[in-house]
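For reference, the chains in residue letters:
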2 protein chains.
Amino acid sequence: MAKNNRQWRLAAHPDGMPREDNWTLTEGAAPEPGNGELLVRSLYVDVAPYMRGRISRQQNYTSGVSVGEVMTAASVAEVVESNAEGYQAGDLVVATTGWQEYAAVPAGTARRVDPKVADLPHWLDFLGTNGPTAYFALIETGRIKPGDTVVISAAAGSVGQIAGQIAKICGCRAIAITSTEEKLAWCREIGYDDGIAYRNEPDLAAAIARVCPDGVDVYYDNTAGPILDAIFQNLATHARIVVVGTISLADRFEQPDIGPRFMRKILVSRARVEGFLAGDYGLRFDEAYRRLAAWQKSGALKSKFDIVDGFENLPAAFMRLLTSKNLGKQVVRVAEPGHAG
Amino acid sequence: MAKNNRQWRLAAHPDGMPREDNWTLTEGAAPEPGNGELLVRSLYVDVAPYMRGRISRQQNYTSGVSVGEVMTAASVAEVVESNAEGYQAGDLVVATTGWQEYAAVPAGTARRVDPKVADLPHWLDFLGTNGPTAYFALIETGRIKPGDTVVISAAAGSVGQIAGQIAKICGCRAIAITSTEEKLAWCREIGYDDGIAYRNEPDLAAAIARVCPDGVDVYYDNTAGPILDAIFQNLATHARIVVVGTISLADRFEQPDIGPRFMRKILVSRARVEGFLAGDYGLRFDEAYRRLAAWQKSGALKSKFDIVDGFENLPAAFMRLLTSKNLGKQVVRVAEPGHAG
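Residues numbered from 1 in each chain as written. Chains lettered and ligands numbered in written order. Predicted model: local features only at pLDDT ≥ 70, side-chain atom pairs only at ≥ 80, totals over all residues. Heavy atoms only, no water.

Participant: How should the packing of helix α2 (residues 130–141) of chain B against helix α8 (residues 285–298) of chain B be read in this particular structure?
Facilitator: Two quantities define a packed helix pair, namely the angle between the axes and the distance from one axis to the other. Residue and element names in this part refer to chain B. Axis separation between α2 and α8 bottoms out at 9 Å; the angle between their running directions is 100°. What the angle tells us is that α2 and α8 run roughly perpendicular. On α8, the residues touching Gly131, Pro132, Tyr135 and Phe136 of α2 are Phe285, Glu287, Ala288, Tyr289, Arg291, Leu292 and Trp295. Counted by class, the contact of α2 with α8 contains eight nonpolar, one polar and two charged residues. (Axes fitted to C-alpha atoms, helices over the stretch in contact; angles between N-to-C directions. Helix = DSSP H or I, 4+ residues; strand = E, 2+ residues; numbered from the N terminus. Parallel < 35°, antiparallel > 145°, perpendicular 65-115°, else oblique. Contact = heavy atoms within 4.5 Å. Nonpolar A, V, L, I, M, F, W, Y, C, P; charged D, E, K, R; others polar.)

So this is what it looks like as structure tokens:
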């Protein structure tokens with residue numbers, strides 16, 4: 001008999017800041033895995049800033065979620081039933097399950113999880129997309145080099161905490177921008193040299209100038225908005241701004257963001273502003289994984305998780321993330337491994 | 001007896017669009033050349049968009065002109081008196097004379113003009129800064145490659161006309177953006193594939209889409225402002241925007257330019273927006289000069305000049321340029337060679 005399967009489906013595209021009622025909880029029978037497919041049970045389900053783009057009506061870098069569809073997401077999951085060679089019940093994988101308890105996925109799209117390399121939540125973090133994102137954004141697009149002052153916004157966030165530690169490993173000065181002093185303290189703990197908690201700063205440009213007296217060489221932008229504006233006031237010559245995320249625009253994704261444009265600053269500083277998507281480096285993810293895993297083993301790379309328990313709390317956990325309430329990589333624990341039956 | 005020397009001095013920094021009375025005409029004795037210096041007489045004096053930045057109170061990429069100082073400019077000039085080895089009266093040079101009839105310049109800062117390579121006005125154009133600007137901005141910062149759709153604003157201007165022809169030589173599709181149909185006709189004559197006269201276009205983004213159905217791969221930005229906004233609506237994946245000039249902001253150089261920001265577009269398209277200054281390629285100018293001169297000899301590179309006669313008309317010629325009334329590279333003819341005495 002098919003297992004009962006709960007799912008969070010998109011109920012409406014948000015106008016401005018998403019709300020929990022943009023999703024609706026549905027139940028149904030777990031799917032039957034087809035030939036070459038795995039039936040998997042979600043253990044840790046991801047919530048991440050990129051999902052804001054996926055639920056927008058606006059054109060994005062990949063197709064979005066339509067109303068009525070299960071919300072898109074990756075999970076660390078356990079194989080319950082295998083119709084694919086090489087897999088058996090109990091195997092652990094990362095799979096694109098969406099926000100649901102059970103999913104049938106083509107085995108070719110699953111990635112094996114080896115818990116000896118790192119604990120399960122890490123497979124949604126540095127061994128998921130966050131690690132390669134931080135790694136290639138800084139190394140390839142940012143072209144960081146020793147001595148650079150590297151500023152990172154959402155610095156205590158899932159990608160930010162990895163980026164700051166990569167910057168340190170590369171011999172840079174790493175500067176954290178966080179919402180709160182609590183997050184800034186965590187950033188200092190993992191090696192950031194200095195930083196600001198922007199909610200306490202009446203003049204953001206002056207605050208950046210204070211912690212970056214020689215200007216900003218590289219800005220890893222997770223936010224856009226007022227923090228980016230303040231960075232533009234503090235560009236070093238040949239500064240590089242890597243546009244990785246725009247989370248500060250979460251409440252106005254569907255509206256143009258109006259404000260000062262900085263073409264003279266870009267010209268005068270010969271700055272480079274460049275968009276980054278990790279997917280462009282998909283064929284090189286293993287390079288990042290090998291290095292990041294070695295750094296984690298050596299103690300040079302630490303991660304903090306903000307784990308919410310319970311499948312029913314997925315939209316709430318996503319809102320927690322969008323409103324900066326999380327400290328560390330946000331994930332939702334839905335089930336424990338080893339009970340796949 | 002010293003010759004009489006007329007000079008245009010900055011009378012006041014402009015607030016917004018410059019006006020002719022931002023300069024004042026003064027007279028005095030021509031200077032005596034010191035040891036190692038040349039006394040030169042200006043023949044063709046330059047007026048160029050970069051000068052808008054030099055008279056601003058705002059920080060720029062080089063120091064500006066102070067009130068009371070002679071306006072900065074290069075000229076094609078004739079040596080009247082030489083106190084430097086290797087130079088004699090009658091030699092032709094490019095020198096930083098400023099807007100004045102006679103100047104004493106260190107011989108080491110002058111560049112020899114060979115009229116057999118190209119006629120005199122060209123030495124303020126493709127053999128001056130304009131040629132290397134267009135060349136390195138497209139080749140190095142724009143990384144143009146065959147098949148790219150390359151859009152150039154101020155396309156009939158001094159740098160734009162060179163840039164369009166380089167794009168064609170490199171196998172690109174060259175699209176002109178000009179103010180008027182007359183300028184657009186000239187662009188087609190020198191090889192641009194298509195273009196728009198923006199003053200006749202009620203919807204600039206739609207107009208760009210019409211002439212760039214596959215999107216914009218490279219935008220050579222001489223203007224900023226509404227044209228750039230329209231380009232952002234039409235980015236191809238991995239588009240490159242080379243920020244070379246911001247002439248549309250000439251009337252609000254001292255104010256922030258407020259409008260839509262395009263961080264989502266930059267992210268989604270993985271676009272690169274990068275500031276460019278020719279001076280960063282100073283050590284490689286000869287590479288550009290050799291190639292450009294060969295293209296000119298072969299007929300692949302044509303230039304049009306907009307020559308205003310008379311030293312007294314320098315501010316008027318500059319205003320002509322800032323208000324898009326010129327067709328071709330704007331210069332002011334002050335004297336003929338061969339009458340240096």
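Structure shown, so let's carry the discussion forward.
Participant: Whenever I open this one, the nonpolar core confuses me. Can you help?
Facilitator: As a rule of thumb, soluble globular proteins bury nonpolar side chains together. If you look at the biggest cluster of nonpolar residues, it comprises 58 residues, and the most contacted ones within it are Ile231, Ile241 and Val273 of chain A together with Ile231, Ile241 and Val273 of chain B. Dropping the residues within four chain positions of it, isoleucine 231 of chain B is found in contact with Val151, Ile177, Ile208, Val216, Tyr219 and Ile241 of chain B. (Core = buried A, V, L, I, M, F, W, Y, C linked by side-chain atoms within 4.5 Å. Buried < 20%, exposed > 50% of the residue type's maximum accessible area, 1.4 Å probe, protein only.)

Participant: How do you make sense of the packing of aromatic side chains when you look at a structure like this?
Facilitator: One pair of aromatic rings is described through two measures. These are the centre distance and the angle between the planes. Overall, the coordinates contain 20 aromatic pairs over all chains when judged by the stated rule. Each ring, one from tyrosine 135 of chain B and one from phenylalanine 136 of chain B, has its centre 5.0 Å from the other, and the planes form 85°; the classification is edge-to-face. With a relative accessible area of 3%, tyrosine 135 of chain B lands in the buried category. Assessed through its relative accessible area of 0%, phenylalanine 136 of chain B is described here as buried. Ring centres 6.4 Å apart and planes at 40° place the aromatic pair tyrosine 135 of chain B and tryptophan 295 of chain B in the tilted group. Taken together, the residues span a long stretch of sequence, with tyrosine 135 of chain B in helix α2 and tryptophan 295 of chain B in helix α8 at a distance of 160 residues. Put simply, the rings of Tyr135, Phe136, Phe276, Tyr281, Phe285, Tyr289 and Trp295 of chain A touch in pairs and so form one group of aromatic residues. Taking the ring centre of tyrosine 87 of chain A as reference, the NZ or CZ of arginine 112 of chain A above it sits at 4.1 Å. Over the ring of tryptophan 186 of chain B we find lysine 304 of chain B; its NZ or CZ atom is 4.3 Å from the centre of that ring. (Phe/Tyr/Trp six-rings, centres within 6.5 Å; stacked < 30°, edge-to-face > 60°. Lys NZ or Arg CZ within 6 Å of the ring centre and 35° of its normal.)

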